[in-house]
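The primary structure of each chain is shown beneath.
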Amino acid sequence: MSTEDQLGFIPLINTGFDKNLSSAVTNLQELAEAVDNLFIREKLTAARTYYIRVNLGACTMTSASPCVVTLATHGLSADDPIVFKTTDTLYTGVVEGKVYYVLSTNLTANTFKFSASVGGAPVNTSGSQAGVHSLATGNDANTGLAQTRAGAFLNISAAITAVYLIDMGGYNVTLQLAKSTYGEYGVSGVQFSMDTPLVGRGNVILAGDDTTPNNCRLATWDDCVVVSGPTYVMLGGVELTASAGSCLNVYNNGFLEINGPVRFGPAGFVHVFVHMSGIVTNYSDYDIFGGASAHLDVESSGVIQFAGQTITLIDVPDFGVSFAIARNAILRSYDQTFVDTATGKRFSVTTMGFIDINGDVAGLTYFPGDVAGTIESGGVYNATHSSLAFSFSATDKVLGRETAGAGEGEEIPCTAAGRAILDDANAAAQLATLGASPTASPTFTGTVILPKAIEIQDTSADHQYVLAVSELTADRTVTLPLLTAADVFVFAAFIQTLTNKRITKRTDTIANSSLPTINTDLLDFFSLTAQTQNIASFTTNLSGTPTENQTLWIAITGTAARTITWGNKFEASTVALPTTTVTTARLDVFFVWNIVTSKWRCMRVV
């Protein structure tokens, strides 16, 4: 687009001014009239930030018709838009991420009612809720230049529109998200879309919360983030869910850089979809807590390049087609660490597709999954590249590496005798080739009894491990696990760090007791349910010999509010002991054993 097109400028050419003044004056008059509608862009002289929403803090709401929200000195006015976010579950009737409007009816400094439309019917709520709720506000009529009620935009789209109306002048523009949920999971509407070239060189940064990305959630039925055209977007600190689309959709020469932590939730199509010459790079660790048809899908001359990050998979996400897909495109994944597991095919590379893992030793098991990857005709899954290609200097050579460490392929001598071993189908055939087959295979029947003590020499043969058993009163069976790699035994008196071990908490649950019985030697979690009476004492039937810093978690659920007497074996810290349950909600109280006072010390109440 030329400068003339951008400014709506009418050039003074072909005015007809050929010493005929009246003709020139007529054309100049047309120019003057056109100037009235001339659009002149603001040109940035420094980096800019547009703010989307302002989080007003934690609030509470009632289960009632209508629902009443309480937030001290909220500062809201009638018809102000609001959006709720929760760490768990909202009451039935309220949808996280949906835009509501403050009603004028019964509006006070600390409380208000709300509607799904301006001046509409108040929202009614029912059922149960859990977690901490907060609300955010903003207005697309604001300038977006301050994270205040009067300054911040309500929607990301308003900030994008503002970017389109400026000349970036070579500076970056940040779209800073407040802690909020943007969009509704399962409801149509792309949350972030840039598909038009920007004026002036500069990049757009979509910034959330790098410390806790799930504070800034983008949720939709469609694609969460779409980048196309010659546009460069950087993104980080967000959580993405797309019930029918993709979390990230980059195409048509769009460029997206992940430069902060991201959480990928459930996606109906793909987490990262790159096609039609789009490019996605990543420079940050991220989490995957929901499945998709694929995590990485690059097609039609697209490029995905990730290197050196840690990707944590949560709750074993499932990938219905494949974790990684390359089709007529390039996918590079270098030195990435995948923590925990996933289900589905590891990778799929098809015609003109190239998956490059930089010769990683994990090879075909590099990507997570429980089904082997597939390499179709015309697809390449990189083996370590060799400068020797397939041209050898002489016979009796094989291609491999003699020099220590990773690197290019080398020719290794391999005689006819060596080749004879290599083509044998199994170890027995190799022994036969070597003439070393055993003349007889010993067969053991019955029980093989080893000596009472077995000695195992160390490497220098100057000391031994002496294995011996104590006197037994009965036979004991020791079953060794099926190991996939080297491992060590765990011993009581030896300091060791355990990995890949799960400790299942010891639990007990009873219903409705005024004097519940708890033995802290036998459990870590105790649940008291369907409580129809007050609790007279948690100390009376308390037993066990706790150790220093041992923990105890007690959960109480009443059929109504019930009073609680803890007794002399429990004490408060900076956190007070609760004295009653709250309606029918579950009350969770966390304790640590205080060895100084010999009491269970209250550390948290939820």
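Preceding this paragraph is the structure being described.
A brief structural summary. (Residues numbered from 1 in each chain as written. Predicted model: local features only at pLDDT ≥ 70, side-chain atom pairs only at ≥ 80, totals over all residues. Heavy atoms only, no water.)

1. A short note on the overall build of the protein
Heads up, the rule is: Helix numbering and strand numbering both begin at the N terminus, where a helix is a DSSP run of H or I of at least 4 residues and a strand a DSSP run of E of at least 2. Using a 1.4 Å probe on the protein chains alone, a residue whose accessible area is under 20% of its type maximum counts as buried, one over 50% counts as exposed, and one in between counts as partly exposed. Contact definition: two residues touch when any of their heavy atoms are within 4.5 Å. We get accessible surface area from the Shrake-Rupley algorithm with a probe of 1.4 Å; when it comes to residues, only the shown protein chains can shield them.
Secondary structure summary: the protein contains five helices and 48 strands in total. In the protein, which comprises 606 residues, the share counted as buried stands at 37%. Intrachain contacts of the protein at a sequence separation of at least 6 include 63% that bridge at least 24 residues. Approximately 33100 Å² of the protein is accessible, and the part contributed by carbon and sulfur atoms is 55%.

2. A few points about the side chain of Ser348
Take Ser348: it is sitting in strand S33 (residues 347–349). The residues contacting Ser348, other than those within four sequence positions of it, are Ser322, Ala324, Ile325, Ala326, Ile355, Thr374 and Glu376.

3. Quick word on the pairing of strand S27 (residues 310–313)
For clarity, the cut-off: We treat two strands as partners when DSSP finds at least two bridges between them.
Residues Ile311 and Leu313 line the buried face of S27, whereas the alternating positions Thr310 and Thr312 sit on a face that is not buried. Relative to S27, strand S24 (residues 286–288) is paired through three bridges, and the arrangement is parallel. When the bridges of S27 are listed, Tyr286 appears paired with Ile311.

4. Focus: the sheet that holds strand S7 (residues 111–112)
The seven strands are arranged S7-S4-S3-S9-S5-S6-S8 in an open sheet whose pairing can be described as antiparallel. The open sheet has two free edges, formed respectively by S7 and strand S8 (114–115), since each of these has just one partner strand. Direction of pairing for strand S3 (residues 54–61) relative to strand S4 (residues 69–70): antiparallel, over a ladder of two bridges. Bridged to Thr60 within S4 is Thr70.

5. Here's the deal with the nonpolar core
When a protein is soluble and globular, its nonpolar side chains tend to lie buried together. Heads up, the condition is: To define a nonpolar core, start from buried Ala, Val, Leu, Ile, Met, Phe, Trp, Tyr and Cys residues and group those joined through side-chain atoms within 4.5 Å.
Residues Leu175, Phe192, Leu218, Val225, Leu240, Phe264 and Phe367 are the most contacted members of the largest nonpolar core, which totals 67 residues. Ranked by residues supplied to this core, first place goes to helix H3 (residues 156–164) with six residues. In this structure, Phe538, Leu542, Ile554 and Trp593 belong to the second largest nonpolar core, which totals 19 residues.

6. Structural notes on the pattern of salt bridges
Rules: We define a salt bridge as a side-chain nitrogen of Lys or Arg found within 4 Å of a carboxyl oxygen belonging to Asp or Glu.
On inspection of all chains with the given rule, the structure shows ten salt bridges. Linking Asp588 and Arg586 is a salt bridge whose minimum nitrogen-to-oxygen distance equals 2.9 Å. Residue classification places Arg586 among the partly exposed residues on the basis of a relative accessible area of 45%. What emerges from the salt-bridge pattern is a single network uniting Glu96, Arg217, Glu239, Arg263 and Asp287.

7. A word on the layout of surface pockets
Stated precisely, the cut-off is as follows: The definitions used throughout rest on a 1 Å grid laid over the protein atoms alone, on which a cavity is an enclosed set of points accommodating a 1.4 Å probe that cannot get out and a pocket is an open set flanked by protein within 12 Å on both sides along at least five of seven lines; lining residues are those having an atom within 4 Å of a point. Grid points are joined across faces, edges and corners, and a volume is the space filled by probe spheres set on the points. As a working rule, the residues Ala, Val, Leu, Ile, Met, Phe, Trp, Tyr, Cys and Pro are called nonpolar, Asp, Glu, Lys and Arg charged, and the rest polar, with Gly in that last group.
One number sums up the size of the largest pocket: a volume of about 620 Å³. Along the walls of the largest pocket sit 19 residues, with Gln129, Ala130, Gly131, Ala585 and Arg586 positioned nearest its centre. Every element with two or more residues in the lining of the largest pocket is listed here: S3 and strand S47 (586–594). With four residues, the top contributor of residues to the lining of the largest pocket is S3. Its residues assigned to classes, the lining of the largest pocket comprises ten nonpolar, eight polar and one charged.

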